[in-house]
Each structure stands twice: as C-alpha cells, then as structure tokens.
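Descriptive structure summary
The residues making up each chain are set out below.
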Amino acid sequence: MKKINVRFWILVSIVAISGFSQGMLLPLIAVIFEKSGVSSSLNGFNATALYIGILLVSPFMEMPLRKYGYKPVIIWGGGLVVISLALFPLWKTYWFWFLLRLLIGIGDHSLHFATQTWITSSSPAEKRGRNISLYGLFFGIGFAAGPLMTPLVTINQSLPFIVSSILCLIGWGFVFTLNNEFPEQNANINSFLATIKQFKQAFKFGWVAFLLPFTYGFLESCLNGSFPVYALRTNINVSSVSVVLSVFAVGSIITQLPLGMLSDQYGRRNVLMTVLMLGFLSFTMASFVEHSFIGLFIAFLFSGMLVGSTFSLGISFMTDLVPRYLLPTGNLLCGISYSIGSLISGPIIGGLFIKFFQNVSFFYIISTILLAVSFILFTFAKRIQKRLE
C-alpha cells in the first residue's frame, strides 16, 4: 500500500511539472514573438502546435503502452519534453520553435496518457474521483504557476527554458525509481486497424463521458482565445479580461478535489449534471453583467468552481463506464476529445459566433453547450450505466 501511495504522488508530481512547462510556454513564446514583430495570427498558429502533436500521436500510443508498460512510455514522453525545452535557446526561428512545441505536445501526451491510465486502472472505485481530481488539481496548479516564469525573459531570454527543463529533468528522474506495470491485456493490439477497432468499442461504452473533456477543451479555448477578441469589440476592459480568466482558473483549483470526492459519494452522473446546469446559469448570468468588473469576477469565479473540473470528472466517469481492458483506449479518446474541443470546435465556433452574432452576448454559446451536455447526460447516461450493470 505504501509503494502504491508513493507511486501515486510521484505520478501527480510529474503531471504538475508538465503542466508548469505548458503554462509557461503559452505566454512566454507569445511575448517573445510579439516583441520580435511576429503577427498575432502566426503567433496563435504556433501555439496550436502542441494540440496538433497530441492529435498526431494519439492513434499510435496504445500499442507501445500495452507492449512495454506504463514506465517506459512515461520515460520516453518525459525525456522528449526535457530535450525539447532545453533546445529552445539553441535556435530562435519560428518553424524550429513550432517543431519543438509539436514534440512537446507528443511528449506531454505520452506522459499524460500513461500516468492517467496508470492512475485510473489502479484506483479503487470508491477513491477514483478523488485520485483523478488530485491529478487534475496538480496539473492545474502547475499550469497556473507556469506564467510566473515569463518575467525571467527580461533577465535572459533563455533562462525560463533552462529552468523549466531542469525542473522537468528532476521530476523525470523519479520515474526511474518506479516498478513497471502493464495495463490489462485482454486485447490484441498489434496493428493500426486493431487500434481503430478498440476505439469503436470504447466509444460505444463511453461516448457520453467523452463529451466532458470535449466540453472542457471547448470552454478553455473559447475563454482564452475568443473571449478576449469579443471583449475588445464590446469595449470590455482588457485588464479586466486577464483578471477574470485567472479567477476562473483559481475557481477550478479550489473545487477540483471536493467535487471529485463528492462524485465518489453521490455518483459521477449526478455531480456532473449539477455542475453543468449551475455552470449554464453562471455563464448566463455573465451575459447580463459583462460590462461590470465585479459582476464578471463573481460569475467567472463561480463558473470555474463549477465547470473547471469537467475534464477530471469526465475521466473518472469514463473509467466507470468502460471495461478495464479498454481503459488505455478510453484515456486516449479523452485526450483526443479534449484536443478536438481545444483546437477545432472552440476556435471555429467561437470565432463564427462573434462574426455572425454581433448583437448577442458571447456567453450564450458557452451556456448553450453546457446545457446541451447536461441534457445528454440526463437522457442517456443512466441507460448506459444500467446496461453495464
């Protein structure tokens, strides 16, 4: 039991360091490119490299995990992140940094996929929500701390990359102390076609749960990417935007663990429906107070506390629905769903909404998505759970 606890804390610590590096890169590279005269559109495109890396590597991750086990995949992913971070100061060009961010996306996804699957497969049902929420909490804390490295660029442009790579290297070293384990091997994954068949099976069992990471990705990209554009066009103070976005992140960190524990006690479906419905009300309220800083502050704080945990709760819900031998596939599909929400649906739907519905509050698109997913959970989730029983 003691070894399992030590392993768990090593895994979530690695995830925190990974979150730290991701949180650092987004604002840091944006600032460096802005000062170098790179256009905002190219700056934004460079940031998508991480999500492109996730989508590219996802179909090929399950085979090595089943063949070699959790530890080698984490070591490979962590090593790729460390090397990529260390290479940033070597050559400051747009496409070289795009490639490095792509590699970090691949490495981070390998690391997250293996740690996530290891935690979900080894967590008892009565502590599953708690453990996955701690996983999300540590990533969130790391991601929130990452931007604090940006001021170091004024001392030396290479310094943030060097510090981040050293921290990742330290966390990576602890993985070597773990004993390797393998996921349940009731699946013959020996080709790309077999992986696709596994995807179909896992989707059949857990499609409702995959809506949650998709929703979180959509929410994150809409708030961080499209909302600032909407704010500028409607004369909402830019400084207010940065504060309320930070408040949303703080809110999600505050309730991550309590919501996970509540989902263990009262059921994942019940907690998810409640937070999505209340999140719908919070963002609807934001549409009425969007020109009041205090109103937006309160609305975003409550929204973060409610729907900021949809990713970790979605993973826990997926683990409840999907057979154990399909857990690696289920975790992969969670990552893919999040990436589709972040990279495709959020930016496209958010951008089109701002363009064609200029006299309608931007918050309505977010509240509509939350209400729709809540309704789908209410309608279909119970049927799926009964079928599994």
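Structural data are supplied above this passage.
So, here is what we can say about the structure in this document. Remember, it's a predicted structure, so these values are computed and weren't measured experimentally.

Turning to the overall build of the chain, a few remarks are in order. Across its full length, the chain holds 15 helices and 0 strands. Computed over its C-alpha atoms, the radius of gyration of the chain comes to 20 Å, within 12% of the 21 Å expected for a compact globule of 389 residues. For the chain, buried positions account for 55% of its 389 residues. Looking at the chain alone, contacts between residues at least 24 apart form 85% of all its contacts between residues at least 6 apart. Separation between the mean location of the 24 positive side-chain charges and that of the 11 negative ones in the chain comes to 4 Å.

For the coordinates displayed, the defined rule picks out 22 aromatic pairs. Centroid distance W97 to F161: 5.5 Å. Interplanar angle 65°. Geometry classified as edge-to-face. Highlighted residues: W97 in helix α6 (residues 94–122) and F161 in helix α8 (residues 159–175), separated in sequence by 64 residues. The buried category is assigned to W97, whose relative accessible area is 1%. Both rings, one in F203 and one in F210, keep their centres 6.2 Å apart while their planes meet at 25°; by these two values the pair is stacked. On the basis of relative accessible area, F210 is assigned to the buried category, the value being 4%. Through a chain of ring-to-ring contacts, three or more aromatic side chains come together here, namely F248, F283, F300, F362 and F363.

This part is about empty space enclosed by the protein. Evaluation of the coordinates by the stated rule reveals 1 cavity of 30 Å³ or more. The wall of the largest cavity is formed by I14, I17, S18, G78, V81, V82, D108, L111, C168, G171 and W172. Of all the elements in the fold, those that place two or more residues in the lining of the largest cavity are α1 (2–35), α5 (70–87), α6 and α8. Here the residues of the lining of the largest cavity are counted per class, giving 7 nonpolar, 3 polar and 1 charged.

A few words now on the environment of D108. Here D108 lies in helix α6. Sequence spacing of D108 and Q22 is 86 residues, and the spatial spacing of their C-alpha atoms is 8.7 Å. Dropping the residues within four chain positions of it, D108 is found in contact with S18, S21, Q22, L50 and V81.

Right, let's get into the packing of α5 against α8. It is the contact of α5 with α8, at a shortest axis distance of 8 Å, that shows an interaxial angle of 165°. As summarised for this structure, α5 and α8 are arranged roughly antiparallel, according to the angle between their axes. At the point where α5 passes α8, the crossing takes the left-handed sense. Facing K71, I74, I75, G78, G79, V81, V82, L85 and A86 of α5, the residues of α8 in contact are F161, S164, S165, C168, L169, W172 and V175. Broken down by class, the residue content of the contact of α5 with α8 amounts to 11 nonpolar, 4 polar and 1 charged.

To continue, consider the environment of T255. Note on placement: T255 falls in helix α10 (residues 238–266). Remark: the alpha-carbon pair of T255 and L306, spanning 51 residues in sequence, is separated by 7.5 Å. When residues no more than four places from it in sequence are discounted, the contact partners of T255 are G304, M305 and S309. A polar contact of 2.5 Å, which involves the side chain of T255, links it to the backbone oxygen of M305.

Tallying each qualifying case throughout the model produces 5 salt bridges. Among the salt bridges present, the one from R7 reaches E181, with a minimum N-O distance of 2.7 Å. With R7 in helix α1 and E181 in the loop between α8 and α9 (192–233), the pair connects residues that are 174 residues apart, well separated along the chain. Residue R7 is classed as buried on the basis of its relative accessible area of 9%. Judged by its relative accessible area of 32%, E181 falls in the partly exposed class. Salt-bridge contacts for D320 lead to R128; the nearest nitrogen and oxygen are separated by 2.7 Å. On the criterion of sequence distance, the pair formed by D320 in helix α13 (residues 310–321) and R128 in helix α7 (residues 128–145) is long-range, its members being 192 residues apart. One salt-bridge network, in which partners are shared between bridges, spans R128, D264, R268 and D320.

Put simply, helix α3 (residues 49–57) and α6 touch, their axes get as near as 7 Å, and they point 50° apart. The orientation of α3 with respect to α6, classified from their angle, is oblique. Judged by the twist between their axes, the crossing of α3 over α6 is right-handed. Between α3 and α6, the residues in contact are A49, L50, I52, G53, I54, L56 and V57 and F98, R101, L102, I104, G105, I106, D108 and H109, respectively. Residue classes in the contact of α3 with α6 are distributed as 10 nonpolar, 3 polar and 2 charged.

As a further point, take the side chain of N331. Tracing the sequence through the fold places N331 in helix α14 (residues 327–356). Setting aside anything within four residues of it in sequence, one finds N331 in contact with F113, Q116, T117, T120, I315 and M318.

Inspection of the entire model under this criterion finds 0 disulfides. C334 provides the cysteine sulfur closest to C222, a residue in no disulfide bond, and the two sulfurs are 20 Å apart. Residue classification places C334 among the buried positions, given a relative accessible area of 0%.

Thresholds applied
- Residues numbered from 1 in each chain as written.
- Predicted model: local features only at pLDDT ≥ 70, side-chain atom pairs only at ≥ 80, totals over all residues.
- Heavy atoms only, no water.
- Helix = DSSP H or I, 4+ residues; strand = E, 2+ residues; numbered from the N terminus.
- Rg over C-alpha atoms; globule rule 2.2 N^0.38 Å.
- Buried < 20%, exposed > 50% of the residue type's maximum accessible area, 1.4 Å probe, protein only.
- Contact = heavy atoms within 4.5 Å.
- Lys, Arg positive; Asp, Glu negative; His and termini not counted.
- Charge placed at Lys NZ, Arg CZ, Asp CG, Glu CD.
- Phe/Tyr/Trp six-rings, centres within 6.5 Å; stacked < 30°, edge-to-face > 60°.
- 1 Å grid on protein atoms, 1.4 Å probe; cavity = no way out; pocket = protein on both sides within 12 Å on 5 of 7 lines; lining within 4 Å.
- Points joined across faces, edges and corners; volume = space filled by probe spheres on them.
- Nonpolar A, V, L, I, M, F, W, Y, C, P; charged D, E, K, R; others polar.
- Axes fitted to C-alpha atoms, helices over the stretch in contact; angles between N-to-C directions.
- Parallel < 35°, antiparallel > 145°, perpendicular 65-115°, else oblique.
- Left-handed = near helix turned anticlockwise from the far one by under 90°.
- Polar contact = N/O pair within 3.5 Å; in protein donor to acceptor, adjacent residues only side chain to side chain.
- Salt bridge = Lys/Arg side-chain N within 4 Å of Asp/Glu carboxyl O.
- Disulfide = S-S within 2.5 Å.

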